[in-house]
Amino acid sequence: MGHTAVEKILARGAGRSEVFPGEFVDVKADLAFSHSPMLMEFKHLSQIGTMKQVFDPEKVVYAIGHHLFLPADNHRATEESKARAKCRECGVKYLYDQGSGNGHYLVLENGHLAPGEIELGSDSHTCGLGVLGAYATGISQEITEVLLSGKIWIRVPKTIKITFNGRTKKGVSARDVAQFMLGQLGPDAALWQAVEFTGDYIESLSVQQRAIFCFVVVEMGGQCGFVAPDEKTFAFLKDRVHRPYTPEYSDPDAEFSKEFVFDVSELEPQVCYPSSPTNCSPLAAYEGQPVDQTWVGGCTGGGIEDFRMAAEILRGRKVNDNVRYLIVPGTRAQWEQCNREGLLDLFMKAGAFILPPYCGPCQMHCVGNLGEGQTMVGTHPRNWPGRCGNAQVFLASPYTATAAAVEGKLVDPRKYLGRA
Amino acid sequence: MKDIEVFEGHAWTFGNNINTESIMNSGLEYTHDEAVKHVLEVYDPDFAGQVQQNDVIVAGTNFGTSSARPAAELLKRLGVGAVICESAARLFYRNTWCIGVPVLECSGIKAITRKGDLLRVDILGGVVTNVTSGKSVSIQPIAPTLLDIYRNGGLVSWIISRKEQYPNLV
């Protein structure tokens, strides 16, 4: 019996010829990622001792600006200044400061991870980096152990295979398809498991749009997403990764725990309704739902293509007076690309708030927080209770979030896209 | 190394897919004095104010889903003895043992537990017994490293106990 790509990557990381689902193995990290929420690793270290240096300065990325583009208050200003100082003390070479953007996008853009490698991160959405054909997963508290030793224990996951075929209709994006999948499979469909995405629809997407599928793996309980690296992946990495790497692929006779096949061709725009990321409905059922705030950004919507979709809707139109519409590019590179293409000008003239790069009001860490009883729609991945106060949060595509900005309510965005 | 003792506590029952933001609310991560008043209030407004030392959370599948935040810091502060569930979300499971609160996956626990029942938790014996009803369920195998971390009093103490293994730590 063959092995899945994830099993092969973990075998290499464990220094073994093969590993099997269910086994506990210690693996070496090729990349440790932290966005330092609440400085947990530094709080641990303050009780443990002094870390002279992280396990390998080349293999650690710190994204202080993941949740905040600037400190939101005195407390967080103090915390971030401590985090920066600590990073410098222990030799962190790749320190992305506030205003740099969403840490996962930074890892992707800056070549910190390559096919076949292992990333261990403090954040639950680390799973999205499997889009590069890597094993990437969140480990949270245990990031302290990774920073010290470069190793962590992993329970080797079974792998689920999900195939998407066909082409979406105009006005239906990868965010819609990913939302539909979550609705079909549910919040614990992939508990502790890996999910490999394949099919001609996935192949047709850019690396960044493919990543949406890998990021939402955790919303169905998964350990990591995975897309087999192809020519698009290698082209994306060409000017970003200069070290040798070894892609891994699932063997033809690999055993998948489950397989699902979806045809995307007839799919209509989808919406996730409050309050679970796997609640999914055709948008039509929620047309007319008023919204107070709408935004495009987050790890499932902060790339250049997401802003192009937003611009397609907004060109020649204005943001509704009753709505706050936020544009939150994932990183400075995405921001600059929006600028080069004239999108920032378009957004500004239409009445949008253009924010510095970070992960946006996906939760209440920085700005754009909602008041009692307010409603938001965004392209971000989560709407669980307690994430945005008592607000009602819908999740949707950049098209739908932007059409809602124009009308002040959820509407089918295709009316603004002309004929298919 | 601490002994893992058998203990008893009353059950607070919850459903499936309870998320970590409902335990540690977003925006309150930095202010535990405030955050602790709102633990699980969206699901049971009485919980935070009335939970007693060693009381246990009994829940369905995928407990602790969503964010990687250290939600169990608040459960520990409230004195929660253990989280006993049909299944646990991966990050919550890892985090919560590291913080020093056991997470026990026990198939069938929901069916044998009502709110307020007295449960006896025997981690090393691998069994949870409902003292009120007399029924019991077995605990699924626990990741060996997490059990080791727990025995040492949590992640920080575990790392200290292995200090000589880290050449970069003084």
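A. Structural context of helix H3 (residues 74–89) of chain A. All names here are of chain A. The end-to-end C-alpha separation of H3 is 23 Å, in line with the 22 Å expected for 16 residues at 1.5 Å each. Considered for burial, the residues of H3 that qualify are Arg76, Glu79, Glu80, Ala83, Arg84 and Cys87. Down the axis of H3, the buried set is contained in an arc of 135°. They therefore lie on one face. Opposite the buried face of H3, at more than 90 degrees from it, the exposed residues are Asn74, Arg88 and Glu89. Buried positions along H3 lie against helix H2 (40–48), strand S3 (60–63) and strand S4 (94–96). You can read the cap of H3 off the contacts: a side-chain oxygen lies 3.2 Å from the backbone nitrogen of His75, and it is on Asp73. At the exit of H3 stands Gly91, carrying a positive phi of roughly 75°.

B. Broad picture of the packing of helix H4 (residues 90–99) of chain B against helix H5 (residues 144–151) of chain B. Residue and element names in this part refer to chain B. For the pair H4 and H5, the least separation of the axes is 8 Å and the interaxial angle reads 25°. With respect to H5, the element H4 is oriented roughly parallel. Of the residues in H5, those in contact with Tyr93, Arg94, Trp97 and Cys98 of H4 are Leu146, Leu147, Ile149 and Tyr150. Here the contact of H4 with H5 is composed, by residue class, of seven nonpolar, no polar and one charged.

C. Expanded view of the pairing of strand S2 (residues 31–34) of chain A. All names here are of chain A. Neither face of S2 is exposed, since Leu31 and Phe33 on one face and Ala32 and Ser34 on the opposite face are all buried. Bridge count between S2 and strand S5 (residues 118–121): three bridges; the pairing is parallel. If you follow Ala32 over to S5, its bridge partner there is Leu120. Inspection of the sheet shows S2 paired to S3 by three bridges, in the parallel sense.

D. Quick look at the packing of aromatic side chains. Per the counting criterion, the structure on display carries 20 aromatic pairs over all chains. An aromatic cluster is present here, built from Phe164(A), Phe180(A), Phe197(A), Tyr201(A), Phe213(A) and Phe262(A) joined pairwise through their rings. Sitting above the plane of the Phe236(A) ring, Arg240(A) keeps its charged end 4.0 Å from the centroid. One cation-aromatic arrangement involves Arg94(B) over Trp153(A); the distance from NZ or CZ to the ring centre is 3.7 Å.

Definitions and cut-offs
Residues numbered from 1 in each chain as written. Chains lettered and ligands numbered in written order. Predicted model: local features only at pLDDT ≥ 70, side-chain atom pairs only at ≥ 80, totals over all residues. Heavy atoms only, no water. Helix = DSSP H or I, 4+ residues; strand = E, 2+ residues; numbered from the N terminus. Expected span 1.5 Å × (residues − 1). Buried < 20%, exposed > 50% of the residue type's maximum accessible area, 1.4 Å probe, protein only. Arc of directions from axis to C-beta. Contact = heavy atoms within 4.5 Å. Polar contact = N/O pair within 3.5 Å; in protein donor to acceptor, adjacent residues only side chain to side chain. Axes fitted to C-alpha atoms, helices over the stretch in contact; angles between N-to-C directions. Parallel < 35°, antiparallel > 145°, perpendicular 65-115°, else oblique. Nonpolar A, V, L, I, M, F, W, Y, C, P; charged D, E, K, R; others polar. Pairing = 2+ DSSP bridges. Phe/Tyr/Trp six-rings, centres within 6.5 Å; stacked < 30°, edge-to-face > 60°. Lys NZ or Arg CZ within 6 Å of the ring centre and 35° of its normal.

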